[in-house]
Amino acid sequence: MSITALSQGLVACEHCSQLNYVHTDDVVACGRCGSAVQRRSLPRLGRVWALLFSAVVLYIPANLLPVMTVVSLGKESSNTLIGGVVHFVQTDAWLLALVVFVASILVPLLKMLVLSSLLFSVHFRWCARLRDKTRLYRLVEFIGKWSMVDIFVIALLVALVQFGEFASVQVGAGSLSFAAVVLLTLWATADFDMRWLWDVCEEKEGDANV
Amino acid sequence: MVKMKACPDCDLLLEVGHLREGERALCPRCDAVLVRGGRSIDAMFALTVSGLILWLASLILPVLVIDFNGTQQALSLWQTAFAMLDQDEWLLALLVAMTTIVAPLIYLGAMLWLLLPLRFGRVPVLVGWVFRLFYANQGWVMLEVFFLSLLVTAVKLTDMAQLLPDWSLLAFIAFMLVMSAMRLLFDADVYWRAVHQCR
Ligand SMILES: [Zn+2]
Ligand SMILES: [Zn+2]
């Protein structure tokens, strides 16, 4: 078994990383920055599941509803997320198609898949490949905010293309759902604590040795 | 100087020696970055001041200028966030304003609050509270993502309008780079050691 901070009665402050001695159920103020510090109890998966589930539900309208409508010389055309990618492929803008595909389709899907597999791992104590799972978590943490590309592009188009009857861009209902998906998955990722999985696996290893 | 640290991702208890600037220590069990040799308080202070100046510049100068059949349209960060208000999309407008304007300002303001008193040998008022605000806020800064969106938008518009190069975009790029540098170089340990010396 490895020596973890928890096994020594130490808890790292989440804000300044200072180690503090904490007795079982106490809440103490961090000796360095004053934040509340307490021992990790059982993993609180419920909140993360709730955030993740809301994100999965909103992912459907985000993909089905148009994210924007372009009005050009009296003609209206609605664009969905995947429609934007298809448009770039048709006009041979491959690099752009790839950027938009990764940011708006692949990243949200990957986030939801990785997070749910991590939650299941904690729940069922699946302890294989812990190191790779931790790497996946860090990847999801890193790429999370890049899905915002689509929201920013729509904001820029709305603000730039204001030429009265010649051309304008209207925000579609899908945008708000997509923004919600991005935020909910960001919060779910931040709420999940990778140490939960390491904790339950230490415990499982301990049980096996008895 | 050896210091005990817990890995942020797997909680392994480790001893970390002193790191020079630019060095980092990785967790042997899960590869998480434990500590990064951060910059001095003075370097962070210089970055904060330049960041504040560039924040103001990138707020009012245009980030994109396009020519549409002879009509020119210039767009600043400020206008980008507020254009959505005209279509009553105030939630999205708020999100864009928060991630490109407000969060960077809170970041820089908190940094200034935390660093300025230290230069005069005093501990900042409410240091713990401002430090927590700084940490909670930093995830909302999305300038690099916004920059990628600028590029995507520029290419997207090429068949419809002409894009005019504008020097003021450099102010935004500089702003983005200063903010990224601060995130990489700020070291909570270096900071709290400096606070401790003032007490
Ligand atoms: Zn602390
Ligand atoms: Zn680790």
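Residues numbered from 1 in each chain as written. Chains lettered and ligands numbered in written order. Predicted model: local features only at pLDDT ≥ 70, side-chain atom pairs only at ≥ 80, totals over all residues. Heavy atoms only, no water.

1. Comments concerning the coordination of the zinc ion (ligand 1)
All names here are of chain A. Here is the rule we go by: Donor atoms are limited to N, O and S found within 2.8 Å of the metal ion, a distance that becomes 3.2 Å for Na, K and Ca. With water left out, some sites might look partial. All geometry calls rest on donor angles, where a four-donor set with angles between 85 and 135 degrees is tetrahedral, four- and six-donor sets with opposite donors more than 155 degrees apart and all others between 65 and 115 are square planar and octahedral, and all else is irregular. Buried residues are those whose accessible area, probed at 1.4 Å on protein chains only, stays under 20% of the maximum for their type, while exposed residues exceed 50% and partly exposed ones sit between those limits.
The coordination sphere of the zinc ion (ligand 1), as far as protein atoms go, consists of Cys13 (SG), Cys16 (SG), Cys30 (SG) and Cys33 (SG), spread over 2.2 to 2.4 Å. Taken together, the 4 donor atoms surrounding the zinc ion (ligand 1) define angles of 104 to 116° at the centre, an arrangement classified as tetrahedral. Sequence spacing of the donors to the zinc ion (ligand 1): C-x2-C-x13-C-x2-C. In terms of burial, Cys13 and Cys16 fall into one category: buried.

2. Points about the interface of chain A and chain B
For the record, the criterion: Two residues form a contact once any of their heavy atoms are found within 4.5 Å. We define a salt bridge as a contact between a side-chain nitrogen of Lys or Arg and a carboxyl oxygen of Asp or Glu at a distance within 4 Å. What qualifies as a polar contact is a pair of N or O atoms within 3.5 Å, subject to a donor-acceptor requirement within protein and to the restriction that residues adjacent in sequence count only when both atoms come from side chains. Each helix corresponds to a stretch of at least 4 residues labelled H or I by DSSP, and each strand to a stretch of at least 2 residues labelled E; elements are numbered beginning at the N terminus. Ten residue types, Ala, Val, Leu, Ile, Met, Phe, Trp, Tyr, Cys and Pro, are classed as nonpolar, four, Asp, Glu, Lys and Arg, as charged, and the remainder, Gly among them, as polar.
Counting residues at the interface gives 59 residues for chain A, matched by 59 residues for chain B. Applying the counting criterion to the chain A and chain B interface returns 6 salt bridges. Of the charged contacts, one joins A:Arg135 and B:Asp31 as a salt bridge, the two residues approaching to 2.5 Å between their closest N and O atoms. Applying the counting criterion to the chain A and chain B interface returns 20 residue pairs in polar contact (both at pLDDT 80 or more). Looking at the side of chain A that touches chain B, the elements with two or more residues in it are strand E1 (10-12), helix H3 (94-124), helix H4 (130-143), helix H5 (149-160), strand E7 (162-163), strand E8 (167-171), helix H6 (173-191) and helix H7 (194-209) of chain A. The leading source of residues in the side of chain A that touches chain B is H5(A), at 11 residues. The class makeup of the residues in the side of chain A that touches chain B is 39 nonpolar, 12 polar and 8 charged.

3. Notes on the domain arrangement of chain A
Residue and element names in this part refer to chain A. The cut-off we apply is this: These domain boundaries are the output of an automatic or database domain assignment. Put simply, buried area is the surface a 1.4 Å probe can reach on two separate parts but cannot reach once they are joined, added for both.
In terms of domains, chain A is made up of domain 1 (1-39) and domain 2 (42-209). On a C-alpha basis, the centroid separation for the pair domain 1 and domain 2 is 33 Å. Of the roughly 380 Å² buried where domain 1 meets domain 2, counting both sides, 48% is carbon and sulfur surface. Scanning the region where domain 1 abuts domain 2 turns up 0 salt bridges. At the junction of domain 1 and domain 2, the tally comes to 0 residue pairs in polar contact (both at pLDDT 80 or more). When grouped by side-chain class, the residues that make up the side of domain 1 that touches domain 2 number 2 nonpolar, 2 polar and no charged.

4. Section: a nonpolar patch on the surface
Our working rule: Residues with no salt bridge and a relative accessible area higher than 30% make up the patches, which join like charges within 9 Å and nonpolar side chains (Val, Leu, Ile, Met, Phe, Trp, Tyr) within 5 Å. Methods summary: accessible areas were calculated by the Shrake-Rupley approach with a probe of 1.4 Å, and residue burial reflects only the protein chains presented.
The grouping of A:Leu176, B:Trp78, B:Phe82, B:Leu85, B:Trp90, B:Leu91 and B:Leu94 at the surface amounts to a nonpolar patch, some 710 Å² of accessible area in total. Those elements that place two or more of their residues in the nonpolar patch are helix H2 (77-83) and helix H3 (90-119) of chain B. If you tally residues by element for the nonpolar patch, the top one is H3(B), at 3 residues. As for its position among the elements, B:Leu85 is in the loop between H2 and H3.

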